[in-house]
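In case you want the letters, here they are:
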Amino acid sequence: SILLIGFTVALAVVVFNWGVGFVKEAQENVDTSTEAALLCTNKLDFEIKEVSCKLDTAKQYIVIENNGDIDIANVTLRIHYKDNSKVVPVTLEGIPAFGINKYPLTEQGLVAGEEVDVIATVKSESGEKIVCNQVMKSKKYTCDLTPPTS
């Protein structure tokens, strides 16, 4: 019977150690998820200021303004084509806090599209990149493809 008690105590210690590790890991995952959600919803604030789509390739660009107090590490644009045939994703450089960037989009096919989505990626305090897809911005646009008159 002493052997049975010893086995039961040993088994309880194994289960207890596993439980402590499991709870600790679950807590760390919750902390990481919470940090990501707070960064994306509380500190990130950006908008699509302008989409220019003219026949002149120098006037095919998008302007994005970062009004938040966190740097955007990079932005991913998704250009929706007019005939709904495809969505073209384009990843571009980021925007500093309270900054504005103008991105030329001639080769990305801006002229073939009618709507653009912008998804920001930020860095956590630990340096991990967090894609804030729940804070996506969209803007519909139309292209002016009439040739300039001389």
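Along each chain, residue indices are assigned from 1 in the same order as the chain's sequence is written. Owing to the predicted nature of the model, reporting of local features is limited to residues with pLDDT of at least 70; listing and counting of side-chain atom pairs is limited to 80 or more, with chain, interface and lining totals taken over all residues. Computation of side-chain values covers all heavy atoms of the structure but excludes hydrogens and water.

A separate point is a nonpolar patch on the surface. Distance thresholds for patches are 9 Å for like charges and 5 Å for nonpolar side chains (Val, Leu, Ile, Met, Phe, Trp, Tyr), applied to residues having over 30% relative accessible area and no salt bridge. We get accessible surface area from the Shrake-Rupley algorithm with a probe of 1.4 Å; when it comes to residues, only the shown protein chains can shield them. Here a salt bridge means any side-chain nitrogen of Lys or Arg lying within 4 Å of a carboxyl oxygen belonging to Asp or Glu. Residues Ile5, Val9 and Val13 make up a contiguous nonpolar surface patch of about 270 Å² in total accessible area. Helix and strand definitions follow DSSP, with helices as H or I runs of at least four residues and strands as E runs of at least two, each counted in order from the N terminus. Note that valine 13 resides in helix H1 (residues 2-43).

The next subject is the state of the cysteines. Cysteine sulfur atoms that pair up within 2.5 Å are treated as a disulfide. Per the stated rule, a full pass over the model turns up one disulfide. The disulfide partner of cysteine 40 is cysteine 132, and the S-S distance across this bridge is 2.0 Å. Given an S-S torsion of about -70 degrees, the disulfide between cysteine 40 and cysteine 132 has left-handed geometry. A residue pair is termed long-range when its members are at least 10 positions apart, and cysteine 40 in helix H1 and cysteine 132 in strand S7 (residues 129-140) qualify at 92 residues. The two residues cysteine 40 and cysteine 132 agree in class, both being buried. Partly exposed describes any residue whose relative accessible area lies between the buried limit of under 20% and the exposed limit of over 50%, with all areas from a 1.4 Å probe on protein chains only and scaled to the type maximum.

We now examine the sheet that holds strand S3 (residues 72-81). The criterion for strand pairing is that DSSP finds at least two bridges linking the strands in question. As summarised here, the arrangement of the four strands in space is S4-S3-S6-S7, forming an open sheet in which the pairing is antiparallel. Strands with a single pairing partner mark the edges of an open sheet, and in this sheet they are strand S4 (87-95) and S7. Averaged over neighbouring strand pairs, the angle between their axes works out to 20 degrees when direction is ignored. Two elements, S3 and strand S6 (residues 113-123), share nine bridges in a ladder whose sense is antiparallel. Counterpart to isoleucine 79 in the pairing with S6 is valine 116. The convention used is that axes are lines fitted to C-alpha atoms, helices contributing only their stretch in contact, and that angles between N-to-C directions extend from 0 to 180 degrees.

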